[in-house]
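What follows is each chain in one-letter form.
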Amino acid sequence: MSRLVATLTFGRRPTLGAGIEPVALAHGYAEPMARFLGYDLTDDGSLNRIPGAYAPVLDDRPSVVTDLLLALAPELSSIADRIETLDTKSRVNYGVDFREKAFDSAVGWGSDGYGRHFEARSQLESHPIDGAVAVACYDDGGLCQAIEANLDRLDIDVIRG
């Protein structure tokens, strides 16, 4: 049976007060393999599930949070226009956008559109994020370690819960 081991909530910091104004959410599961289910938040506050599941590559330089940001909340990037341009080029040239790449688990080297995706990852990790991510990890296993390793490379406010 799958175990929920991490929750990531992406959003903006409110003008006044603490917390986060959420725009997207991801639930991380550890078994039988690491994967995330993604959700957009609708205007009425309900969750809209993204089809598919993101199965991250847990290597020595994981991009778990980066890929989820590209797929679920690219508008939080300080270079959102550049990310949108790369996403459009990927869709036009390869028939797949960053959300589809992530939630079809086609983010590995050699997959269609990988070059655009890799460029977008690099751009996202080298510029500030105009938002925040609330992270809750319920395990000290590989998935949570990968999240923490990726957060170290991102210029984003992190709220730990």
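See the structure printed just above.
Being a predicted model, the structure only gives us computed values, none of them experimental.

Student: Any details on the overall build of the protein chain? Residues and values, ideally.
Tutor: Along the backbone of the protein chain there are five helices and six strands. On C-alpha atoms alone, the protein chain measures out to a radius of gyration of 15 Å, which is about the 15 Å that the 2.2 N^0.38 rule sets for 161 residues. Based on the C-alpha atoms only, the size of the protein chain along its principal axes is roughly 40 × 40 × 30 Å. Put simply, the protein chain has 161 residues, and 45% of those count as buried. Restricting the contact set of the protein chain to residue pairs at least 6 apart, pairs at least 24 apart contribute 59%. As displayed, the protein chain has an accessible area near 8000 Å², and 50% of this comes from carbon and sulfur atoms.

Student: Let's hear about helix 1 (residues 64-72): which residues, and what values?
Tutor: Of all the nine residues making up helix 1, nine are buried; the element is thus mostly covered by neighbouring parts of the structure. Val64, Val65, Thr66, Asp67, Leu68, Leu69, Leu70, Ala71 and Leu72 are the residues of helix 1 that are buried.

Student: Now, about the nonpolar core: what can you tell me, with residues and values included?
Tutor: The biggest cluster of nonpolar side chains holds 37 residues, and the ones touching the most others in it are Leu8, Phe10, Phe36, Leu68, Leu69, Leu72 and Ile147. Of all the secondary-structure elements, those providing two or more residues to this core are strand 1 (4-12), strand 2 (21-29), helix 1, helix 2 (80-94), helix 3 (98-103), helix 4 (114-125), strand 5 (132-137) and helix 5 (142-151). Per-element tally for this core: the top contributor is helix 1, with seven residues. Setting aside residues no more than four positions away along its own chain, Leu8 makes contact with Ala24, Leu25, Ala26, Phe36, Val65, Val133, Ala134, Val135 and Ile147.

Student: Which residues make up the pattern of salt bridges, and what are the values?
Tutor: One pass over the full model with this rule turns up ten salt bridges. The shortest N-O distance in the salt bridge between Arg82 and Glu119 comes to 2.5 Å. With a gap of 37 residues between them, Arg82 in helix 2 and Glu119 in helix 4 connect regions that are remote in the sequence. Residue class for Arg82 comes out partly exposed when judged on its relative accessible area of 32%. Overall, the relative accessible area of 25% leaves Glu119 in the partly exposed class. Its salt-bridge partner being Asp87, residue Arg91 comes within 2.9 Å of it at the nearest N-O pair. On the criterion of helical spacing, the pair formed by Arg91 and Asp87 is a turn pair, its members being four residues apart in helix 2. Arg91 sits in the partly exposed class, given a relative accessible area of 38%. Overall, Asp87 belongs to the buried group, its relative accessible area being 15%. If you follow the salt bridges from partner to partner, you end up with Arg61, Glu125 and Arg153 in one network.

Conventions and cut-offs
- Residues numbered from 1 in each chain as written.
- Predicted model: local features only at pLDDT ≥ 70, side-chain atom pairs only at ≥ 80, totals over all residues.
- Heavy atoms only, no water.
- Helix = DSSP H or I, 4+ residues; strand = E, 2+ residues; numbered from the N terminus.
- Rg over C-alpha atoms; globule rule 2.2 N^0.38 Å.
- Buried < 20%, exposed > 50% of the residue type's maximum accessible area, 1.4 Å probe, protein only.
- Contact = heavy atoms within 4.5 Å.
- Areas by Shrake-Rupley, 256 points an atom, 1.4 Å probe, with all protein chains shown as cover.
- Core = buried A, V, L, I, M, F, W, Y, C linked by side-chain atoms within 4.5 Å.
- Salt bridge = Lys/Arg side-chain N within 4 Å of Asp/Glu carboxyl O.

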